[in-house]
Amino acid sequence: APLQNQNTQAVLAVAKQIGNIKFAGRVGNLAVAHILTVEPHIEAGIHALKVQIVALALSLIISAVTSFLSAPLLSLFVDTESAVRFGQIRMLYVLVPYVIAAINGLIGNAIQAFGYSIFCTLNSIFSVFVFRMIWMRYVYPHCPTYHVLMQCFLVSWIITGVLNMIFFFYLYYGKFKKNKIKKMG
């Protein structure tokens, strides 16, 4: 109802100025459909991007601090030196590159905003579940170390990110810039 009211007001204002109600109706529809409704989406998108950037920055800071303080932090939970060392290895491969997961979340959210959330779901299933099974079946047996086990996380996040970025650029440059993408909102 508020949009119809804005549309009516726009049509009447243009008709008053140019004296042609039919042309004014087209201009009013254009103004309301393409200008007034886009601004809230742009504003919301900019706000969401700022939130994502803050989350990414916090992820970097927390990863750096916890990595630097890994031995004392892990000593709160375990008392043997070997357990602390294994915890530091895990932190090296999972916590430090967790920024990659934050970036994947940012790109995934952008893809979902374009209306293609199923791609993110299928990509996550492939990159996390299927790839990690393949890693454990074919890579880990050749070098069965804790380092190789932990590297699986990093590699799967990189694969997820690369596939998300490729699809995002396809959507953005191949569809959105050419006005071939379904309307957002």
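Preceding this paragraph is the structure being described.
Report on the accompanying structure. Source: prediction; values computed, not measured.

1. Some remarks on the packing of helix α6 (residues 98-113) against helix α7 (residues 117-139)
Then, number 1: Contact geometry of α6 with α7 gives a least axis separation of 7 Å together with a crossing angle of 140 degrees. For the pair α6 and α7, contact is made by G108, I111 and Q112 and by S117, F119 and C120, respectively.

2. As for α6
Side chains that are three or four residues apart share a direction in an α-helix, a result of its 3.6 residues per turn.
Then, number 1: Over its 16 residues, α6 runs 23 Å from end to end, which matches the ideal 22 Å to within 8%, given 1.5 Å per residue.
Then, number 2: Residue G115 follows α6 closely and has a positive phi angle near 95 degrees.

3. Quick notes on the packing of aromatic side chains
Then, number 1: All told, the structure shown has 11 aromatic pairs when counted by the stated rule.
Then, number 2: With a centroid separation of 4.9 Å and 80 degrees between ring planes, the pair formed by F86 and Y146 is classed as edge-to-face. Of the two residues, F86 is situated in helix α5 (residues 81-95) and Y146 in helix α8 (residues 146-176); the sequence distance between them amounts to 60 residues.
Then, number 3: Relative accessible area serves as the criterion here: at 42%, F86 is assigned to the partly exposed category.
Then, number 4: Residue classification places Y146 among the partly exposed residues on the basis of a relative accessible area of 23%.
Then, number 5: Consider the rings of F131 and W135, whose centres lie 5.8 Å apart with planes at 50 degrees: the pair is tilted. Residue F131 and its partner W135 are located together in helix α7, separated by four residues, close to a single helical turn.
Then, number 6: Residue F131 is classed as buried on the basis of its relative accessible area of 14%.
Then, number 7: An aromatic cluster of at least three residues, connected via ring pairs, comprises F114, F168, F169, Y172 and Y173.
Then, number 8: The lysine or arginine in question, R137, covers the ring of Y138, its NZ or CZ lying 5.3 Å from the ring centre.

4. Points about the nonpolar core
Then, number 1: Counting residues in hydrophobic clusters, the biggest one holds seven residues: I107, I111, F114, C120, F167, F168 and L171.
Then, number 2: Only α6 and α8 provide two or more residues apiece to this core.
Then, number 3: With three residues, α8 is the single largest residue contributor to this core.
Then, number 4: Within the second largest apolar cluster, five residues are counted, among which are I89, Y93, V94 and W157.

The rules behind the values
- Residues numbered from 1 in each chain as written.
- Predicted model: local features only at pLDDT ≥ 70, side-chain atom pairs only at ≥ 80, totals over all residues.
- Heavy atoms only, no water.
- Axes fitted to C-alpha atoms, helices over the stretch in contact; angles between N-to-C directions.
- Helix = DSSP H or I, 4+ residues; strand = E, 2+ residues; numbered from the N terminus.
- Contact = heavy atoms within 4.5 Å.
- Expected span 1.5 Å × (residues − 1).
- Phe/Tyr/Trp six-rings, centres within 6.5 Å; stacked < 30°, edge-to-face > 60°.
- Buried < 20%, exposed > 50% of the residue type's maximum accessible area, 1.4 Å probe, protein only.
- Lys NZ or Arg CZ within 6 Å of the ring centre and 35° of its normal.
- Core = buried A, V, L, I, M, F, W, Y, C linked by side-chain atoms within 4.5 Å.

Read these as geometric descriptors, not functional statements.
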